[in-house]
Amino acid sequence: MPIHCVSFTTDYGLRDGFVAACHGVIARIAPSVRVIDVSHEIPPQQVRTGAEVLAQTAPYLPESVHLAVVDPGVGTARRGVVVVAERGMLVGPDNGLLIPAAETLSGVIAAYELAAPEYHLPVTSSTFHGRDVFAPAAAHLALGVAPEEFGPRVDDLVRLPDPFVAVFPGKLVAEVLTVDHFGNVQLAASPADLELAGLSGTVSVSSEHVLVKALVGDTFGTVPPGRNVLYTDSAGRLAVAVNGGSASDVLGLGPAQECTITSSPTDT
């Protein structure tokens, strides 16, 4: 059955014509399909961040073909795949990018390699599979082409390792998953991890070179402007924010770095 939406997530940025070229390919093949841009500001080559952004967004979209390209291995032996989930299909590189979103869409049912040349553009660049392989595949899937028509079944999809979280009495260490437009730092840890560590009230939050105090709260306005808050974000993850500022700038933290939360010295 045709699908009327394609979601689109990349690390292409908006400075160049990469996003527009992919939009154009989809429009030429499937002109009636609506494209919903999730983000094109994933940090370059940050596969886990792209995976998290898509996974946190996909459940709120209409039934879609989810086109995602964060592909540092483009042109190498890594496969392109279509992943079939219970509530949608996902197209992109087989580097772990698609699996978290597929799991939020009720799980992986099957996957197929994008091997059939009739669903590629006639000339395929070794460095722009988003335009030449993935966008055409997404458009043809939206038109109703069956996933198994694209190539052989894949039973060994690449999965990202679990993000780092370590819980100790009075201490929680967690990998940074994403940093949003406001500079809020999303961690791989959950509120349950914070509770297991026995942390509450005022805590110390540190990166490799910076340590600040933060109040465990519900929202940005829990603390005065310019102060730090540790809260549960809209995806259910722990996050660090500065009311009216950027926690990423204050702590010098970005994706894949580690953040440590401990009891505040003033509370012990």
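Nothing here was measured: the structure is a model prediction, and the numbers come from that model. (Residues numbered from 1 in each chain as written. Predicted model: local features only at pLDDT ≥ 70, side-chain atom pairs only at ≥ 80, totals over all residues. Heavy atoms only, no water.)

Trainee: I tried to follow the overall build of the protein chain on my own but got confused; where do I start?
Mentor: Along its length, the protein chain carries six helices and 14 strands. Projected onto its principal axes, the C-alpha coordinates of the protein chain cover approximately 65 × 35 × 30 Å. Buried residues in the protein chain amount to 51% of all 268 residues. Restricting the contact set of the protein chain to residue pairs at least 6 apart, pairs at least 24 apart contribute 65%. (Helix = DSSP H or I, 4+ residues; strand = E, 2+ residues; numbered from the N terminus. Buried < 20%, exposed > 50% of the residue type's maximum accessible area, 1.4 Å probe, protein only. Contact = heavy atoms within 4.5 Å.)

Trainee: Sorry, what's going on with the packing of aromatic side chains here?
Mentor: Two numbers describe a pair of aromatic rings. These are the distance of the centres and the angle of the planes. Counting across every chain of the model gives five aromatic pairs. Both rings, one in Tyr 12 and one in Phe 128, keep their centres 5.7 Å apart while their planes meet at 85 degrees; by these two values the pair is edge-to-face. Pair noted here: Tyr 12 is in the loop between strand E1 (5–10) and helix H1 (18–29) and Phe 128 is in the loop between strand E6 (108–113) and helix H4 (129–143), with a separation of 116 residues, a long-range link. Look at Tyr 12 and you get buried, because its relative accessible area is 16%. (Phe/Tyr/Trp six-rings, centres within 6.5 Å; stacked < 30°, edge-to-face > 60°.)

Trainee: Honestly, the environment of Arg 34 in this entry has me stumped. Any pointers?
Mentor: Of note, Arg 34 is situated in strand E2 (residues 34–39). Sequence separation of Arg 34 and Asp 71 is 37 residues, and the distance between their C-alpha atoms is 24 Å. Excluding its chain neighbours within four sequence positions, the residues that come into contact with Arg 34 are His 4, Cys 5 and Val 6.

Trainee: What exactly am I supposed to notice about the nonpolar core here?
Mentor: Nonpolar side chains in soluble globular proteins tend to be buried together. In terms of nonpolar packing, the biggest core is built from 33 residues, with Val 6, Val 65, Leu 67, Val 91 and Leu 114 touching the most fellow members. Looking at which element gives the most residues to this core, the answer is H4, with eight residues. Apart from the residues within four sequence positions on either side, Val 65 is in contact with Ile 3, Cys 5, Val 6, Ser 7, Met 89, Val 91, Ala 138, Leu 141 and Ala 142. (Core = buried A, V, L, I, M, F, W, Y, C linked by side-chain atoms within 4.5 Å.)

Trainee: Where do I start with the pairing of strand E14 (residues 258–263) in this structure?
Mentor: In summary, the side chains of a regular strand alternate between the two faces of the sheet. Of the strand pairs in this sheet, strand E8 (residues 171–179) and E14 are connected by five bridges, and their pairing is antiparallel. Each residue of the ladder has a partner; that of Lys 171, found in E14, is Thr 262. By the bridge criterion, four bridges tie strand E10 (residues 202–206) to E14 in an arrangement that is antiparallel. Bridging from a neighbouring strand, Val 203 pairs with Ser 263 of E14. (Pairing = 2+ DSSP bridges.)

Trainee: Please explain the side chain of Arg 78 as it appears in this structure.
Mentor: Inspection of the secondary structure assignment puts Arg 78 in the loop between strand E3 (65–69) and strand E4 (80–85). Within the local environment of Arg 78, its side chain forms a polar contact with the side chain of Asp 71, the two groups lying 2.6 Å apart. (Polar contact = N/O pair within 3.5 Å; in protein donor to acceptor, adjacent residues only side chain to side chain.)

Trainee: I keep staring at the pattern of salt bridges and nothing clicks. Help me out?
Mentor: When the charged atoms of two side chains with opposite charge come close together, those side chains can pair. This model, assessed by the stated rule, comprises eight salt bridges. Close ionic contact of Arg 237 with Glu 52 constitutes a salt bridge, the shortest N to O distance being 3.6 Å. Placement of the pair is Arg 237 in the loop between strand E12 (228–232) and strand E13 (238–242) and Glu 52 in helix H2 (residues 47–57), with a sequence separation of 185 residues. Its relative accessible area of 23% is what places Arg 237 among the partly exposed residues. (Salt bridge = Lys/Arg side-chain N within 4 Å of Asp/Glu carboxyl O.)

Trainee: Got a minute to help me understand the sheet that holds E4 in this structure?
Mentor: Pairing between sheet strands relies on hydrogen bonds along the backbone, with the strands arranged either parallel or antiparallel. Pairing is mixed in the open sheet, where six strands are placed in the order E2-E1-E3-E5-E4-E6. If you trace the sheet from one side to the other, it starts and ends with E2 and E6, each paired once. Looking at each pair of strands side by side, their axes are set apart by 20 degrees on average, direction ignored. (Axes fitted to C-alpha atoms, helices over the stretch in contact; angles between N-to-C directions.)

Trainee: Explanation requested: the packing of H1 against H4 in the structure shown.
Mentor: Where H1 meets H4, the axes come as close as 9 Å, and the angle between the chain directions of the two elements is 35 degrees. Relative to H4, the crossing made by H1 is right-handed. Two secondary-structure elements touch here, H1 through Ala 21, Cys 22, Val 25, Ile 26 and Ile 29 and H4 through Gly 130, Arg 131, Ala 135, Pro 136, Ala 139, His 140 and Leu 143. Along the lines of polarity and charge, the residues of the contact of H1 with H4 split into nine nonpolar, two polar and one charged. (Left-handed = near helix turned anticlockwise from the far one by under 90°. Nonpolar A, V, L, I, M, F, W, Y, C, P; charged D, E, K, R; others polar.)

Trainee: Would you take a moment to explain H2 for this structure?
Mentor: Think of an α-helix as 3.6 residues a turn; residues three or four steps apart then line up on the same face. Of all 11 residues making up H2, nine are buried, and the element is well covered by its neighbours. All of the buried residues along H2 are Val 47, Arg 48, Thr 49, Gly 50, Ala 51, Glu 52, Val 53, Leu 54 and Ala 55.

Trainee: Is there a simple way to explain the state of the cysteines in this structure?
Mentor: By definition, a disulfide is the covalent link that joins the sulfur atoms of two cysteine residues. Using the criterion set out here, one finds zero disulfides in the structure. For Cys 5, which is in no disulfide, the shortest distance to another cysteine sulfur is to Cys 22 and amounts to 17 Å. For Cys 5, a relative accessible area of 8% gives the class buried. (Disulfide = S-S within 2.5 Å.)

Trainee: Can you walk me through H1 in this structure?
Mentor: Under the 1.5 Å per step criterion, the end-to-end length of H1 is 17 Å for 12 residues, consistent within 8% with the ideal 16 Å. Where H1 is concerned, the buried positions are Val 19, Cys 22, Val 25 and Ile 26. One side of H1 carries all its buried residues, which in axial view fall inside an arc of 125 degrees. Across H1 from its buried face, at more than 90 degrees, point the exposed residues Ala 20 and Arg 28. Close packing links the buried residues of H1 with E1, E2, E3 and H4. (Expected span 1.5 Å × (residues − 1). Arc of directions from axis to C-beta.)

By themselves, these observations are geometric and do not establish any function.
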